[in-house]
Structures are given as structure tokens and as C-alpha cells.
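Secondary and tertiary structure notes
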Amino acid sequence: MATALVTGGTSGIGAAFARQLAARGTDLVLVARDQKRLDAMAAELHSHSGINVETIAADLADASDAARVAARLEDPAHPIDLLINNAGSGVREGLTSTDLSHHEHAFNVMSRAVFVLGAAAGRSMRGRGGAIINISSLQTYLATGSYAAVKAWVTAYSESLAVELRGTGVTVTVVLPGWVRTEWHERAGGRRSSIPAFLWTEPDAVARIALRDSERGKVISIPTVRYRVLGWFARHLPRRAIRRISASITSSRGDGIGAARSSEHPIVKADGER
Ligand SMILES: NC(=O)c1ccc[n+]([C@@H]2O[C@H](COP(=O)([O-])OP(=O)(O)OC[C@H]3O[C@@H](n4cnc5c(N)ncnc54)[C@H](OP(=O)(O)O)[C@@H]3O)[C@@H](O)[C@H]2O)c1
């Protein structure tokens, strides 16, 4: 029987992955910070599907906690067949903020831990086979601050890992969702109401399409046709247009990124391209 390790498996997209995998009879290792929610999720999955569920309470912003999860991925006595690097949260602070803690936290959870766990899974699965799914975001193509930069890293990293592991029996899929109806938005403190209703995706759809694309060996997975079309435009529009769209998304969600703009370049006074 296969075993999957899902980070952030207690809520939103991670919980949808956990429920769909449990329904297929896959044993699970769930990782998140809140032990009570981990216990509740484990009990629900075990009673509905009869699978074995292990939980690891770990803060992936913490290097020693991430190392503990990596050690579990490399445990030869209990092999993991699928790693889903999903845990994450939003960052609203501007890039010129004096307080770097939110940026560092985002980087540690969504880049550093993804890197550490991806490396452990790659080492352990090489030869015997396996799959890695990393959750990025369509913001990978935008200029919407620290979060977009971190997710751009996840996308480039995942494609590179797919190249490095080609031919080893390990597939790597990076998932680029648009807006998904989860707790993420409340936690990030954004205004959900500013996002048009037709742009929302359900976490179940994201997980289902990602698992299908992983099984097909696809490297980039964009859930739903609507976002595949938007993703095409995001990749092909001139970057100047993308920066304008990014500015309007940033101001509509009510944070300060990009709000202060000087009208003139301090050295080149002529109005140059921005
Ligand atoms: N929702 C969207 O619109 C959207 C769009 C594109 C991409 N994404 C990405 O999708 C992924 C999942 O987000 P979601 O929307 O499902 O969010 P969510 O509902 O807030 O769930 C986040 C999960 O990650 C866990 N987590 C958060 N910080 C953690 C940490 N430091 N260490 C360990 N676990 C942590 C949370 O559990 P604990 O709090 O108990 O730790 C929870 O299980 C994230 O990477 C997010 O950036 C979301």
C-alpha cells in the first residue's frame, strides 16, 4: 500500500489532497503546527477510509522541525511514495518594510522547507520510484510582492528538480492555482470580497487535477481551464502589462505594496519605462 506525506494536510488544499488520497486507500503522514487539528483530521480519515494516519506536529519555518520531517521522508523502514509540499501562508508586508520577519517566515516555509523536503524525497525515492508535488501559485508570473517572488522560486526549483530527477523513476509536478476558497485568505488578512465570484476554485478541484497531472508525469499543473487561459496570458503578455495588472491586484486587496510611487526617477528625470 502506498504512503503519502502531505504538509499542511489539515486545511484547504492539503486537506483536500488528504481526503482524496485516503479515499484511494493511501496511508498518510500529515504535517502541520496544530496538533489538535492533526489529531481530528487523522481520526476523520481513519474512520472514513480505514487508512493508517501518522501525524507530525512541526513548524516548517523552523530548520530543526523541517529536518525532522526530512528524516521521516528518508526512513528506509517506512518509505514514502508521494510528497506533497503544500504548507504555506500569505505575506502582505511591503518589500521595503524594516521588519523582515514575515518575509523570512514565508521564505523558510515555502522555499527553504520545500527545498529540504524535496531533496530528502528525491534521495529516498530515486531508483525505487515516487512522486513529488509542490504547490506554487499563478502569482509566480506576477509582481505582487514577496509571496509572488517566493512562489516564482518554487516554480523554477520544481522544474529544475524535474530535470535533475528525469529517468530516475521520480516525477515532479508543480501546481499553480489561482484563487482557492480556503482559510489562507483570512489568515493573510486580505479582502476576499474584492475577488470576483467566478475566479474562485474549490480545493477539491485543485487536488484532483494535481493528482491526475502527477500520475501523467506532467511537470506544470494549472487547475481549471479558466486559470489555464489566464496563465497563458500571464506568460505571453508584455511584462509592462503584467506589472500594471500586479499593481491593480495589490491595491485592490488593500495592502501597502507598491502604494508609494515617486513620479520621477531621481537621476534620470525623463519619464522612462517602469
Ligand atoms: N488559497 C489560495 O487562494 C491559494 C492560491 C494559490 C496557492 N496557494 C498555496 O496553497 C498552499 C495551501 O494553502 P491553503 O490555501 O490550503 O491554506 P490554508 O487553508 O491556510 O492551509 C494551510 C495549511 O498549512 C499549514 N501550515 C501553515 N504554516 C505552516 C508552518 N509554518 N508549518 C507547518 N504547517 C503550516 C496549516 O496548518 P497549521 O496552521 O496548523 O500549521 C494548514 O494545514 C499554500 O502553499 C498556498 O500558498 C493557495
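Residues numbered from 1 in each chain as written. Predicted model: local features only at pLDDT ≥ 70, side-chain atom pairs only at ≥ 80, totals over all residues.

This next bit is on the pairing of strand β3 (residues 53-57). Summarising the sheet, strand β2 (residues 27-32) and β3 pair through 5 bridges and their orientation is parallel. In the sheet register, leucine 30 faces β3, and the bridge partner there is threonine 55. In this fold, β2 hands off to helix α2 (residues 35-49), which returns the chain to β3; that crossover is right-handed. (Pairing = 2+ DSSP bridges. Helix = DSSP H or I, 4+ residues; strand = E, 2+ residues; numbered from the N terminus. Right-handed = clockwise from strand over helix to strand, strands pointing away.)

Here we take up the environment of serine 214. Take serine 214: it is sitting in helix α7 (residues 203-215). Given 20 C-beta atoms within 10 Å, serine 214 falls into the buried group. Here serine 214 is in contact with Ala131, Ile133, Thr171 and Thr173, once residues within four sequence places are set aside. (Buried ≥ 20, exposed ≤ 12 C-beta atoms within 10 Å, placed from the backbone. Contact = placed C-beta atoms within 7 Å.)

The immediate surroundings of the ligand are formed by 30 residues, with Gly8, Gly12, Arg33, Gly88 and Trp184 found nearest. Among the elements of the structure, α1 (12-23), α4 (101-125) and α6 (184-188) are those that each provide at least two residues to the shell around the ligand. The biggest single contributor to the shell around the ligand is α1, with 3 residues. Partitioned by chemical class, the residues of the shell around the ligand number 13 nonpolar, 11 polar and 6 charged. (Near = placed C-beta within 6 Å. Nonpolar A, V, L, I, M, F, W, Y, C, P; charged D, E, K, R; others polar.)

Quick look at the sheet that holds β3 now. Pairing is parallel in the open sheet, where 7 strands are placed in the order β3-β2-β1-β4-β5-β6-β7. The open sheet has two edge strands, β3 and β7 (220-221), and neither has a second partner. Here strand β4 (residues 82-85) runs beside strand β5 (residues 130-135); their pairing, made up of 4 bridges, is parallel. Counterpart to leucine 83 in the pairing with β5 is isoleucine 132. Across the sheet, α1 touches β1 (3-7), β2, β4 and β5, and the angle it forms with β1 is around 165 degrees. Seen against the sheet, α2 touches β2 and β3 and runs at an angle of roughly 170 degrees to β3. (Axes fitted to C-alpha atoms, helices over the stretch in contact; angles between N-to-C directions.)

Interaxial distance between α1 and α2 falls to 9 Å at its minimum, and their mutual angle equals 25 degrees. Relative to α2, the element α1 is oriented roughly parallel. Once α1 is placed against α2, the crossing between them reads as right-handed. Touching Ala15, Ala18, Arg19, Ala22 and Ala23 of α1 are Met41, Leu45, His48 and Ser49, all from α2. Of the residues belonging to the contact of α1 with α2, the class tally is 6 nonpolar, 2 polar and 1 charged. (Parallel < 35°, antiparallel > 145°, perpendicular 65-115°, else oblique. Left-handed = near helix turned anticlockwise from the far one by under 90°.)

What follows is about the environment of serine 137. Here serine 137 lies in the loop between β5 and α5 (146-165). With near-sequence residues (within four places) excluded, serine 137 lies in contact with Lys151, Leu176 and Pro177.

Any functional reading would require information that these geometric values do not contain.
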